[in-house]
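# Summary of the model geometry
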Amino acid sequence: MKDHNSSLDVLIVGSGFAGIYQLYQLRKLGYSVHIFDAAGDTGGTWYWNCYPGARVDSEIPFYELSIQDVWKGWAWTERFPGWKELRKYFNYLDEKLNVKKDISFNTRVVSARWNSSSDRWIVTAENGQVAHPRFLILCTGFSSMPYVPDFKGLESFEGICHHTARWPHEDVDMKGKRVGVIVGTGASGVQVIQEIGPEVGHLTVFQRTPNLAIPMRQEKLSRESQEKRKGLYPTIYKRRRQTYTGYYYDRYPKSTLEATPEERLLYLEELWAQGGFHFITSNYNDLRTNQEANDEIYAFWRQKVRERLHDPYMQEKLAPTIPPHPFGVKRPCLEQHYYEVFNQSNVTLVDLDECPITEITAKGIRTADGVEHELDAIVLATGFDSLTGGITQIDIKGVDGGTIAEKWKPGVYSYLGMTSANFPNLFFMYGPQGPTAFCNGPTCLEIQGDWIANCVKYMIENNYTRIEADAKAEQDWRQRVLDISARGLWSKAKSWYMGANIPGKAIEPLNWAGGVQNYDRICIEIAEKGYEGFNIR
Ligand code: N01
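The notes below deal with the structure included here. The structure presented is a predicted model; accordingly, all values stated were derived computationally and were not measured.

### Observations concerning the overall build of the protein
When helices and strands are counted, the protein shows 17 helices and 22 strands. Taking the principal axes of the C-alpha coordinates as reference, the protein spans close to 70 × 55 × 50 Å. When the 537 residues of the protein are sorted by exposure, 60% land in the buried category. Within the protein, contacts between residues separated by at least 24 positions form 72% of all contacts whose residues are at least 6 apart in sequence. Taken as a whole, the protein presents about 20,900 Å² of accessible surface, with 49% of it coming from carbon and sulfur. With 60 positive and 66 negative side-chain charges, the protein shows a separation of 4 Å between the mean positions of the two kinds.

Structure, rendered in structure tokens:
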């Protein structure tokens, strides 16, 4: 058992983008920092999500760290890189920043206890490692806790069966096999389906809700073309903090219904042609607040998708006449040839709304109509206990001995989406009540990472040993998050944005929907006011 003794300033949990950025910033300030990670290597989500077709939906160079020593020498091969290239990027981060020397891999943190007499955390990992850091920073990501529904008989299935986020690192051969994707319509499922669809023997997609997927428009990139643009990178990284979603492009400063039908059609065509999240992030500014406007955008999307599908059954299932929910308030996936897969003769779509799964058998999946769909492999693309699960899976006990999981059972209480009362010197990044799922990942974690690093510096330089969110400030922050979301259409979809995908979880807005630029400003102002809303001593 290794004991990281009481000289440790900061322990970080997780070595994805957030953990590595935080390590880099804090080391630069001269503090002793260490990372515990359950994974066998760096990468965070890109370590765990290596299912067929896994790739990022945010384009580069927005989706990378703004650290000059890294971006100067690095070049990507695709506009939306796949998981293998992202893993290479993480190795390059190590080559440049020498991060792995401060990381304990295969070290899953299971508990954290606040020690009021030393103002330190006692953090214990499954493998027996212990640390006593002054500050504990959870960089566990918003999707580190896979969710597998409680399907009757799941353990009896005799074929191959994996959750997308626990996919084996060695290749799983599915060529020619009969594969069922349950349920293939989140971002993970869409990617698996379009990747394996062309090569498997038969594909059965068990769909509950169609994904309102939009075109990715993947592009190959040359090193030369990226080099030519690098002079602009510092501006791009600054700009991404000034927009609503953390990219450098922003919402169109006009409402959908203000535009004439001709103007609207031409603008939507332009966004459609650009690909990526432009169709969401650069769309009219009332897309997610006005149902009538949203219906217009949905109608455009539906027509585009239907044009690509040959079979009227598939048209209605994948792009229904009546929208399953407002467009863009449940995470749309970027697709490359997703819809064409459903034109193949070896692909079947089972509508689980009409005919739910009753059990999983040794041979496959049985649905309510009594049919047993025989399968060689089942892909569980059933999502995550998102935003809170990465934090609440750790047994974290605060000042009064209560756990954070108990505290958040009726709903999340955080201050600035980074701290929670009763848990001093604990920070979390890319979690609930921050811009998280409504923000380009690296933008959000750099904003929060800088803020936390500055806070740690403030504490240490002033010889303070304890900082804790005030309960009133936390209550106000929560209310602010709820009020801003209530102005939008998010509650009309049953999604992980609202915690609605996990049975028993409180249904409430889990993301800051007030814009990244505003979030950044508020956090900075609070720090400038001497960390207003925190009790410090
Ligand atoms: O998970 P999801 P995901 N019976 O929760 C269905 C990020 N990500 O892993 O919609 C039947 O979105 C569920 O059905 P429904 C990204 O932010 C990014 O796909 O609830 N079906 C849904 O279809 C993303 O949003 C990337 O009706 C059940 C699916 O399972 C987030 O991670 C790639 C069911 C779960 O979809 C999560 O995406 C991948 C049940 N009991 C992921 N329970 C990129 O950047 C659930 N489902 C590309």
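### Re the pattern of salt bridges
It is possible for side chains of opposite charge to pair when their charged atoms get near one another. Across all of its chains, the model carries 31 salt bridges by this definition. A salt bridge links Lys-457 to Glu-461, with the shortest nitrogen-to-oxygen separation between them at 3.7 Å. Of the two residues, Lys-457 and Glu-461 both sit in helix α15 (residues 441–461), four residues apart, roughly one turn of that helix. On the basis of relative accessibility, which here comes to 29%, the residue Lys-457 falls in the partly exposed class. Given a relative accessible area of 53%, Glu-461 falls into the exposed group. Close ionic contact of Lys-529 with Glu-532 constitutes a salt bridge, the shortest N to O distance being 3.6 Å. Of the residues examined, Glu-532 reaches a relative accessible area of 40% and is grouped as partly exposed. In the salt-bridge network here, residues are joined through shared partners; they are Arg-27, Lys-101 and Asp-102.

### Re the packing of helix α8 (residues 261–274) against helix α10 (residues 291–306)
It is at 11 Å that the axes of α8 and α10 come closest, and there the two elements cross at 55 degrees. Here α8 is positioned oblique relative to α10, judged by the angle of their axes. Every pair of crossing elements has a handedness; the one defined by α8 and α10 is right-handed. The residues of α10 that touch α8, namely those facing Arg-264, Leu-265, Leu-268, Glu-269 and Trp-272, are Glu-296, Ile-297, Phe-300, Trp-301 and Lys-304.

### Regarding the nonpolar core
In this structure, Leu-203, Trp-301, Phe-327, Phe-342, Ile-396, Leu-416 and Trp-451 are the most contacted members of the largest nonpolar core, which totals 157 residues. Beyond its immediate sequence surroundings of up to four residues, Trp-301 is in contact with Asn-211, Leu-212, Ala-213, Ile-214, Trp-272, Leu-318, Ala-319, Phe-327 and Tyr-339. In this structure, Phe-151, Leu-154, Val-350 and Ile-360 belong to the second largest nonpolar core, which totals 12 residues.

### Some thoughts on helix α17 (residues 516–528)
One full turn of an α-helix is made of 3.6 residues, so residues set three or four places apart face in the same direction. For α17, with 13 residues, the first-to-last C-alpha span of 18 Å sits near the 18 Å given by 1.5 Å per residue. Three or more residues of α17 are buried, namely Val-516, Tyr-519, Asp-520, Ile-522, Cys-523 and Ile-526. The buried side chains of α17 occupy one side of the element, clustering within an arc of 165 degrees when seen end-on.

The rules behind each value
- Residues numbered from 1 in each chain as written.
- Predicted model: local features only at pLDDT ≥ 70, side-chain atom pairs only at ≥ 80, totals over all residues.
- Heavy atoms only, no water.
- Helix = DSSP H or I, 4+ residues; strand = E, 2+ residues; numbered from the N terminus.
- Buried < 20%, exposed > 50% of the residue type's maximum accessible area, 1.4 Å probe, protein only.
- Contact = heavy atoms within 4.5 Å.
- Areas by Shrake-Rupley, 256 points an atom, 1.4 Å probe, with all protein chains shown as cover.
- Lys, Arg positive; Asp, Glu negative; His and termini not counted.
- Charge placed at Lys NZ, Arg CZ, Asp CG, Glu CD.
- Salt bridge = Lys/Arg side-chain N within 4 Å of Asp/Glu carboxyl O.
- Axes fitted to C-alpha atoms, helices over the stretch in contact; angles between N-to-C directions.
- Parallel < 35°, antiparallel > 145°, perpendicular 65-115°, else oblique.
- Left-handed = near helix turned anticlockwise from the far one by under 90°.
- Core = buried A, V, L, I, M, F, W, Y, C linked by side-chain atoms within 4.5 Å.
- Expected span 1.5 Å × (residues − 1).
- Arc of directions from axis to C-beta.

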